[in-house]
Amino acid sequence: MSGPESARAGATVARLALASLTTLKVGGEAEVWTCDDDHAVREATRADFRVIGGGSNLLVGDGGVPERVVRLGRAYADARALGAAGDAWLGAAVPLPGLVRHARRLGLSGLEGVLGIPAQLGGAVVMNAGTRFGEIGDTLQEVELMLDGRTVRVPAADLGLAYRRSALPPGAVVLRARLRLTPSTPERVARAEEAVDAARRGQPKARSAGCAFKNPPGDAAGRLIDAAGLKGSRVGGAMIAHEHANFVVNLGDATAADVVQLLERVRAAVEVPLEIEWRRWGLPGGEPAARGWDLHAGPATGTGAG
Ligand code: FAD
Ligand code: EPU
């Protein structure tokens, strides 16, 4: 952390190294607004902003970002709202691993496929996080968004969920999500999780942001990168993992520039075009920031998922 911290109603504002908020541990600074109620989120999104969840699918440039980074605080992180009925609204900062465990204890089925994904619920919705065993979209009913300073509810069917993507309207902050799980037993849920766990066992434990590239149709990026002989290939502190070639690991002192150079090397070496799965901030071709709602020239726009 650097710079002074200040408190505003419902929010804590501090300049932070975004490296500290991402699993890859790379990235420069930004003004981070940690919000503990919807009013604070509304205030935080008046000016241009970005939203960070678990930071587990993010590559942030070494210069950080000039916009506010909005983060949902503890008030949005309680998994216990999910009860035995299996149908509940949950805060978007609920960590997925804890939610998966909680559902298993309650004997609720539906989240087995997202076992082992270090996302927050909101980030999981945005990326439609999943594995070949299931995606968050399978259980998602509805989301509540902060959009242009207003809260709106959107049915999951209108979110354009597909393989590692959604079509949320630009500038939408997922505040809450309603999941519907199916009554089962803890034993059956644990048994279904075994296959997912087995599929993940070969993945690296070192700092990463998960798979760097989406799988191209009919093939696996990991297989292609491996076949190109790139395991162990290194730029500075960034390396293609020995365990799984679609993971870039941070050996400790990687910079975003190292990671970008390594990704370019991969794309040059693999003949099939590979699409980067990570959201990138403060880097060429990266995700644009959302416009602050108070800065719109005209009246606030739409309430649908667009
Ligand atoms: P972040 O990385 O913080 O953000 C991702 C995007 O979502 C950004 O555009 C951000 O602006 C947006 N966002 C986040 N929260 C909100 C919100 N509340 N409102 C609006 N926008 C928001 N992914 C898989 O799908 N399957 C896997 O098996 C998998 N395995 C992984 C294993 C490891 C070890 C790691 C590190 C990552 C893995 N991932 C996997 C990638 C990652 O966990 C997912 O993409 C996840 O959905 C990202 O969620 P997050 O909360 O960390 O989002
Ligand atoms: N392979 C290799 N070499 C490697 C890695 C993989 O040859 O270094 C081969 C494997 O032998 C297998 C194929 O590639 O034949 C697919 O590999 P794997 O079973 O590991 O699955 P994946 O397609 O690489 C996907 C997701 C993961 C998810 C796992 C488990 C993508 C891009 N990746 O990996 O998601 O955890 O399945 O279901 O869809 C993520 O999205 O961040 C992520 C980690």
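Residues numbered from 1 in each chain as written. Chains lettered and ligands numbered in written order. Predicted model: local features only at pLDDT ≥ 70, side-chain atom pairs only at ≥ 80, totals over all residues. Heavy atoms only, no water.

### Some remarks on the overall build of the protein chain
Short version of the rule: Helix and strand assignments follow DSSP, with helices taken as H or I runs no shorter than four residues and strands as E runs no shorter than two, numbered in order from the N terminus. For every residue, the accessible area obtained with a 1.4 Å probe (protein chains only) is divided by the maximum for its type, and the residue is called buried under 20%, exposed over 50%, and partly exposed between those limits. Should any heavy atoms of two residues lie within 4.5 Å, those residues are considered in contact. Lys and Arg are tallied as positive, Asp and Glu as negative. Neither His nor the chain termini are counted. For charged residues, the charge sits on one atom: NZ in Lys, CZ in Arg, CG in Asp, CD in Glu.
The secondary structure content of the protein chain amounts to six helices and 18 strands. Principal axes of the C-alpha set define a box for the protein chain whose edges measure 50 × 50 × 35 Å. Taken over 306 residues, the protein chain has a buried fraction of 49%. Summarising the internal contacts of the protein chain: among those between residues at least 6 apart in sequence, 65% fall at separations of at least 24. Positive and negative side-chain charges in the protein chain, numbering 36 and 34 respectively, have mean positions lying 2 Å apart.

### What about the pattern of salt bridges?
Note that side chains of opposite charge can pair when their charged atoms are close. Under the convention used in this document: Think of a salt bridge as a Lys or Arg side-chain nitrogen and an Asp or Glu carboxyl oxygen that are within 4 Å of each other.
Within this structure, the stated rule accounts for 20 salt bridges. The partner of Asp-87 in a salt bridge is Arg-178, and the shortest N-O contact between them spans 2.9 Å. One end of the pair, Asp-87, is in strand β7 (residues 87-91); the other, Arg-178, is in strand β13 (residues 173-180), with 91 residues separating them in the sequence. Two residues, Arg-164 and Glu-277, come together in a salt bridge whose shortest N-O distance is 3.5 Å. In this pair, Arg-164 is assigned in the loop between β12 (150-155) and β13 and Glu-277 in the loop between α6 (256-269) and β18 (279-281), connecting sequence segments 113 residues apart. Both residues of the pair, Arg-164 and Glu-277, count as buried. By sharing partners, the salt bridges in this structure join Asp-38, Glu-144, Arg-153 and Arg-176 into a single network.

### Description of the site of ligand 1
To be explicit about the condition: Note on terminology: near, applied to a residue and a molecule or strand, indicates that one of the residue's heavy atoms is within 4 Å of it. Any pair of N or O atoms that falls within 3.5 Å is considered a polar contact. Within protein, one atom must be able to donate a hydrogen and the other to accept it, and sequence-neighbouring residues count only if both atoms are side-chain atoms. Working definition of accessibility: Shrake-Rupley area with a 1.4 Å probe, residue cover restricted to the visible protein chains. Put simply, Ala, Val, Leu, Ile, Met, Phe, Trp, Tyr, Cys and Pro go in the nonpolar bin, Asp, Glu, Lys and Arg in the charged bin, and everything else, Gly too, in the polar bin.
Within the structure, ligand 1 sits among 33 residues, and Val-51, Gly-53, Ser-56, Gly-130 and Arg-200 are positioned closest to it. One nitrogen or oxygen atom from the main chain of Gly-55 is found 2.8 Å from an oxygen atom belonging to ligand 1. Between ligand 1 and Gly-123, the relevant distance is 3.1 Å, taken from an oxygen atom to a main-chain nitrogen or oxygen of the residue. For ligand 1, the accessible surface in isolation is 970 Å², of which the surrounding protein chains cover 93%. Taken together, the elements giving at least two residues each to the shell around ligand 1 come down to β4 (49-52), α3 (121-127), β9 (130-131), β13 and β18. Per element, the largest residue contribution to the shell around ligand 1 is five residues, and it comes from α3. Here the residues of the shell around ligand 1 sort into 16 nonpolar, 13 polar and four charged.

### Let's talk about the site of ligand 2
Tyr-163, Cys-211, Asn-215, Asp-226 and Ala-245 are the nearest of the 20 residues found near ligand 2. Gln-203 is positioned such that a nitrogen or oxygen atom in its side chain is 2.9 Å from an oxygen atom of ligand 2. Interatomic distance of 2.7 Å between a side-chain N/O atom of Asp-226 and a nitrogen atom of ligand 2. Looking at which element gives the most residues to the shell around ligand 2, the answer is helix α5 (residues 221-227), with three residues. Class assignment for the residues of the shell around ligand 2 results in six nonpolar, seven polar and seven charged.

### Let's talk about the confidence of the model for the protein chain
Here is the rule: As a per-residue quantity, pLDDT reports the predictor's confidence and falls between 0 and 100.
When pLDDT is averaged along the protein chain, the result is 94; 95% of the residues meet or exceed 70. The model gives residues 297-306 a pLDDT under 50, and that stretch makes 19 contacts with residues more than four places away or in other chains.

### Looking at the environment of Val-51
Its place among the elements puts Val-51 in strand β4. Through-space distance from the C-alpha of Val-51 to that of Pro-118 is 16 Å; in sequence the pair is 67 residues apart. Among residues more than four places away in sequence, those in contact with Val-51 are Val-70, Val-173 and Trp-281.

### Quick look at the sheet that holds strand β16 (residues 238-240)
Counted only if it meets this: The criterion for strand pairing is that DSSP finds at least two bridges linking the strands in question.
Taking strand neighbours across the sheet as the criterion, the three strands line up as β15-β16-β17 in an open arrangement whose pairing is antiparallel. Both edges of this open sheet fall to β15 (234-235) and β17 (248-250), since each of them pairs with a single strand only. Pairing of β15 with β16 involves two bridges; the strand directions are antiparallel. Bridging across to β16, Arg-234 finds its partner in Met-239.

### Here we look at the packing of helix α2 (residues 96-106) against helix α4 (residues 186-200)
Inclusion rule: Only the stretch in contact is used when fitting a helix axis, every axis being a line fitted to C-alpha atoms; angles between N-to-C directions are given from 0 to 180 degrees. For classification purposes, an angle smaller than 35 degrees is called roughly parallel, one larger than 145 roughly antiparallel, one from 65 to 115 roughly perpendicular, and anything else oblique.
Orientation of α2 relative to α4, taken along the N-to-C sense of each, is 140°, at an axis distance of 7 Å. The angle between α2 and α4 places the two elements in the oblique class. Judged by residue contacts, Val-100, Arg-104 and Arg-105 of α2 engage Pro-186, Val-189, Ala-190 and Glu-193 from α4. Classifying every residue of the contact of α2 with α4 gives four nonpolar, no polar and three charged.

### So, the nonpolar core
Grouped burial of nonpolar side chains is what soluble globular proteins tend to show. The condition is simple: Side-chain atoms within 4.5 Å are what join buried Ala, Val, Leu, Ile, Met, Phe, Trp, Tyr and Cys residues into a set we call a nonpolar core.
Counting 52 residues, the largest nonpolar core has Leu-96, Leu-99, Leu-111 and Val-143 as the members making the most contacts within it. When near neighbours in sequence (up to four residues on either side) are disregarded, Val-143 contacts Trp-89, Val-125, Val-152, Arg-153, Val-154, Leu-159, Val-174, Arg-176 and Ala-177. Formed by 26 residues, the second largest nonpolar core is a distinct cluster that contains Leu-24, Ala-238, Ile-240 and Ala-245.

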